[in-house]
Amino acid sequence: MRKCLFYSALLLVGCGGNGGSLVPAPPADQPDPQPVQHAPEIANLSLSPNTVTYMDGNGSVSVTAQFDFADVGLDIQTVRIEISDGTSLTIEPGEPIDSASGTITEEFDVSTDEVGEFTVEIWLVDAAGDASNRLSAAIRVESPVPAIATLDPAEVQAGSSGFNLTVTGTDFLTGATVTWDGAERTTEYVSDTQVVAAIPSSDVETPSTISVRVRNPDPTAGASNELSFVIAASGGAEPSGFPI
């Protein structure tokens, strides 16, 4: 009887106790899992300098962009830059980026032959062609501060007719404006060294000393130095030029 029980137990163990095998069936064929692509991310963009002057560097200056990045794929390929003046750049990092995060610093040229405020947009592209988020920052190309040297005429008699005031100096741009005690006057641009302002008779009705300056178009770093125009009580000669 004991031999029969022992033999039955061996049979049950060999059959897994329920007639099944103890060895798991091999899994069905499955494709290898595809690697997950992770697009890089960037943050904290800064530009240096972010303000330059018209025609600095004979029309082009070098600007440094710095920003933080994260890329678990370790496969950043290029830095892309677009400027609102139409410039488009693709820059390959000078050295391979072999860390998952850090700071990227790249230099690129910005044109200074046009006054205005321009948007610089930057992003990264990895080996798979995935692009990061985009960051933008502004760079200003300011008109220069002009310098004025002479006024012609520099004095008139109170009650005179309107006249043309010729201002000579340096660094005048198209659109430069003469200011008369801080108020803009209609101005004709002649050259980078001369502008002519129309001064109406109402500006010279009473004796006084007037502050004359020239201001280039915005954005600008500021107005020129000041020259004084004298409206004399008597003894002043009628200025040359067409009455206004």
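### Looking at the environment of S224
Inference 1: The topology assignment puts S224 in the loop between β16 (208–215) and β17 (227–232).
Inference 2: For the pair S224 and P146, spaced 78 residues apart in sequence, the C-alpha separation works out to 4.9 Å.

### Description of the environment of D203
Inference 1: Following the sequence through the fold, D203 ends up in the loop between β15 (194–199) and β16.
Inference 2: Excluding residues within four positions of it along the chain, D203 makes contact with W180, R185 and I231.

### Looking at the sheet that holds strand β6 (residues 101–111)
Inference 1: Read from one edge of the open sheet, three strands run β1-β3-β6, paired in antiparallel fashion. Across the chains shown, the open sheet's two edge strands, defined by having one partner strand only, are β1 (41–48) and β6. In this sheet, adjacent strand axes meet at a mean angle of 25 degrees when their direction is disregarded.
Inference 2: As defined by bridge partners, β1 adjoins strand β3 (residues 60–70) across six bridges and the pair is classed as antiparallel. The residue of β3 that forms the bridge with A43 is D68.

### Some details on the pairing of strand β7 (residues 116–126)
Inference 1: Along β7, eight of the eleven residues are buried, which leaves the element largely enclosed by surrounding structure.
Inference 2: Relative to β7, strand β4 (residues 76–83) is paired through seven bridges, and the arrangement is antiparallel. From the neighbouring strand, R80 faces β7, where its bridge partner is W123.

### Re the side chain of N216
Inference 1: The residue N216 is located in the loop between β16 and β17 in this model.
Inference 2: By relative accessible area, which is 2% here, N216 ends up buried.
Inference 3: Among the polar contacts listed, one links the side chain of N216 to the backbone oxygen of P144, at a separation of 2.8 Å.
Inference 4: A polar contact of 2.9 Å, which involves the side chain of N216, links it to the backbone oxygen of D171.
Inference 5: Setting aside chain neighbours within four positions, we find N216 in contact with S143, P144, P146, D171, F172, L173 and A176.

The rules behind the values
- Residues numbered from 1 in each chain as written.
- Predicted model: local features only at pLDDT ≥ 70, side-chain atom pairs only at ≥ 80, totals over all residues.
- Heavy atoms only, no water.
- Helix = DSSP H or I, 4+ residues; strand = E, 2+ residues; numbered from the N terminus.
- Contact = heavy atoms within 4.5 Å.
- Pairing = 2+ DSSP bridges.
- Axes fitted to C-alpha atoms, helices over the stretch in contact; angles between N-to-C directions.
- Buried < 20%, exposed > 50% of the residue type's maximum accessible area, 1.4 Å probe, protein only.
- Polar contact = N/O pair within 3.5 Å; in protein donor to acceptor, adjacent residues only side chain to side chain.

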